[in-house]
Amino acid sequence: MAPRSSRNPPVRSEARPPIVTLLTDFGTQDVYVGIMKGVILAINPHACLIDLTHEVGPQDVTAGAWLLRSAVPHFPTGTIHLAVVDPGVGCKRRGLVVATREAYLVGPDNGLLSPAAGALGVRSVHAIDVPGLVKKRVLGHSISQTFHGRDVFAPIAARLSLGDSPRMFGKRLAGMVTLGLPASIRRAGSLMGQVIHSDRFGNLITNLAGGEIEKLRRQTLTAGFSHPEVSVSIGGATIPRLASAYAAASNGELLAIMGSWDLLEIAVRGGNAAERLAVGRGAPVKVTMKSER
Amino acid sequence: MAPRSSRNPPVRSEARPPIVTLLTDFGTQDVYVGIMKGVILAINPHACLIDLTHEVGPQDVTAGAWLLRSAVPHFPTGTIHLAVVDPGVGCKRRGLVVATREAYLVGPDNGLLSPAAGALGVRSVHAIDVPGLVKKRVLGHSISQTFHGRDVFAPIAARLSLGDSPRMFGKRLAGMVTLGLPASIRRAGSLMGQVIHSDRFGNLITNLAGGEIEKLRRQTLTAGFSHPEVSVSIGGATIPRLASAYAAASNGELLAIMGSWDLLEIAVRGGNAAERLAVGRGAPVKVTMKSER
Amino acid sequence: MAPRSSRNPPVRSEARPPIVTLLTDFGTQDVYVGIMKGVILAINPHACLIDLTHEVGPQDVTAGAWLLRSAVPHFPTGTIHLAVVDPGVGCKRRGLVVATREAYLVGPDNGLLSPAAGALGVRSVHAIDVPGLVKKRVLGHSISQTFHGRDVFAPIAARLSLGDSPRMFGKRLAGMVTLGLPASIRRAGSLMGQVIHSDRFGNLITNLAGGEIEKLRRQTLTAGFSHPEVSVSIGGATIPRLASAYAAASNGELLAIMGSWDLLEIAVRGGNAAERLAVGRGAPVKVTMKSER
């Protein structure tokens, strides 16, 4: 997570409307998100505004961080990701502009940006100097204590989309508050992980990556066992193999599958695994290799 | 639903930003939809992305098909409609590009696209040749088993928005999986239908069209009855006439009205008909003509 | 709310894509909002469409009016705000185009637009002459009884975004249906108000403005009391001071704070005040000044 050189900032072609994504815990029943968009468009009317999600659980920084990290690799170079899940608003927590090889990240320094920044490769981290920016009239003179999304982060995202450099907004920092996703634990012949996200379909996304499971398989082969087959235990249930597709299971069947993030997912074909197993985020998952010698 | 000539593909003016609509069952609490938008904008930064809805019931192809069919007639010529309700993802089900007189439809071949295609007038249906497109590098080399919205349908919608022809994506097909909306049944002096959608207001939208009810009225007149008046039975209640507007009923009153799709709707003025009658999709509706000889 | 001169209509630069915001009670599970956007883009493909919210409670004109009024000051000059919460659709209620110094407002004449119009400064109010506009083919020939959002308001918003004058749509009116937000009551040493909105976080937004509380404080000083300190009573609880930030309270603590609209808000640090106090919109709030002589 150590910042690298910022000599090569993200390139933005003038012809492409600059993309600003928004991820918050503001929900969509209020007009908070709409207001942030108004603020951005007042500064850069050509910004292309894309919602990632606004239904992060209220003040759930970890969930927001994970969702942001999932989304950022799929956006083109030059995208500005504005993220606000901010229980410390009005407090001493800093605001950040993070430049990566591909994108800018703007939001509070509470870990929300760190997994995404790590995935994209950090080039520089700048603190947002709110009083200085108010003095320079980059920010309005009345900054609320409760809505920095509107008063601080949205204007800065808009200015980045106009081509302003992160240096404009405050001092360079040596690092940022980081928030690791939980690590998995490898034992002889098994891998312990946990559920990091339960999606709308009740699919349970774990922190166990395809590469880790492959390593475990090779380890088992090296140990002289043949035909190692993955077995997954979660919520009292055991799934005896990895499925190649949802549709490879019969209707209502519990299955384990490498999901679209290359992470192990537990699902029910045509159903809801979170409900079936009565588990959610944080639930332990164990992968073992069954094999014959 | 038989494909017609594709000699005249939908015209798109270069000056108009091409519209890509999105309809899914992905919900908005995850970032799946945002990711699809990132993928599209990485290919065509000028695409204008419009959400139809992402709250189709999980894997409810019929509801998705009906909602898509409701929306498509209101978009300008050249619009690309991307729809993903896809319980068969990763299985043998095909992906489709459907060209109609006015628009393109992209999504799984499971009936989701068929009512919309029928309403717009099909010109051609092409299968999406995923392995061939991976080889030609039109699609990325790692196609997930679970998220063809991101890996297959979004890139193809983006390329259509750049002007690519449906022929680019696979072989022409003679037809597609079709999903008829339920037909109504006409008897002497009555019409039997059903609720096909219950909206946010609890309005119950039926499959009984204005034209069918008009036919029934004329039939009744022809049979020598005068002043035929529609009467609607649903969920144990009988509504003795058609209202001309919600506001023509008194507050809390149950009413039957020709809705904005020219389909018979059952509503409660200032209330919720689905709750009042405790009925939902599939509930039978009967229209009879009361008259005097 | 009396209309002023409309000699200087809102200026829109041709280079800026015109913004059309949408606020409705249509929800997002149906495609009603998507359809309105299709109608707008068919008329003006360069419109920039921004959702304020579509989750106004069904037919809750007051809530919609308040949300709209909160959002409009943050949008740039020339924005067109399209709002539809319309229990009287199909009835005699008029449709309106309101020109303000900064923006246009389009929607039903049921009070929905009035707080926003008041906040922006009304220049002119025009009734929408539906039959006349159908005759002139500005509107389509079949106007539904139930969906003026699609058939009337969206086309007019689109035409305003192309530069059409409000005069095009109907006769000028002397006024409009107004909907005041509830007034506060000032007594000696106290201020009575009420909750006007409960947001996603359970924050309770009241109708008590910073200026009113400041006046009360000065009044107390003038009366010879020193160190006046605000105390807030709501739902059986008393909060002995104003907090300077959410984060100034300890976790789980109830706090009173001047919110992002310069209105008094009641919140729970890291929690939900609406749930804690079991109160919602309309609940009375009392501000008193504690002081020493």
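A. Summary view of the sheet that holds strand β2 (residues 48-53) of chain B. Residues and elements named next belong to chain B. A sheet is described by the order of its strands in space; here seven strands give the open sequence β2-β1-β3-β5-β4-β6-β7, paired in mixed fashion. Edge positions in the open sheet fall to β2 and β7 (172-173), since each of these has one partner strand only. Alignment of strand β6 (residues 122-127) against β7, held across two bridges, turns out to be antiparallel. When the sheet's bridge partners are listed, Val 125 is paired in β7 with Leu 173. Sheet strands in contact with helix α1 (residues 32-43) are β1 (19-24), β2 and β3 (79-84), and its direction is about 155° off that of β1.

B. View of the pattern of salt bridges. Tallied over the entire structure, the rule returns 24 salt bridges over all chains. Here Glu 214 of chain A ties to Arg 218 of chain A by a salt bridge, and the two come within 3.8 Å at their closest N and O atoms. Highlighted residues: Glu 214 of chain A and Arg 218 of chain A, both in helix α6 (residues 210-222), separated by four residues, approximately one helical turn. For Glu 214 of chain C, the salt bridge identified is with Arg 217 of chain C, shortest N-O distance 3.4 Å.

C. A look at the relation of the copies chain A and chain C. With an RMSD of 0.0 Å, the operation that places chain A on chain C is a rotation of 120° combined with a shift of 0.0 Å along the axis. Such a combination of rotation and displacement between the chain copies is what one expects of a three-fold axis. Closest approach to the rotation axis among the C-alpha atoms of chain A is made by Cys 48 of chain A, whose C-alpha sits 5.2 Å away.

D. Seen up close, the interface of chain B and chain A. The partner chain A presents 34 residues to the 33 residues of chain B that form the contact. Summed over both partners, the interface of chain B with chain A buries about 2700 Å², with 60% contributed by carbon and sulfur atoms. Sorting elements by how many residues they give to the side of chain B that touches chain A places α1 of chain B first, with eight residues. Partitioned by chemical class, the residues of the side of chain B that touches chain A number 15 nonpolar, 13 polar and five charged.

Reading the values: the criteria
- Residues numbered from 1 in each chain as written.
- Chains lettered and ligands numbered in written order.
- Predicted model: local features only at pLDDT ≥ 70, side-chain atom pairs only at ≥ 80, totals over all residues.
- Heavy atoms only, no water.
- Pairing = 2+ DSSP bridges.
- Helix = DSSP H or I, 4+ residues; strand = E, 2+ residues; numbered from the N terminus.
- Contact = heavy atoms within 4.5 Å.
- Axes fitted to C-alpha atoms, helices over the stretch in contact; angles between N-to-C directions.
- Salt bridge = Lys/Arg side-chain N within 4 Å of Asp/Glu carboxyl O.
- Least-squares fit on C-alpha atoms with pLDDT ≥ 70 in both.
- Buried area = accessible area lost by both parts, 1.4 Å probe.
- Nonpolar A, V, L, I, M, F, W, Y, C, P; charged D, E, K, R; others polar.

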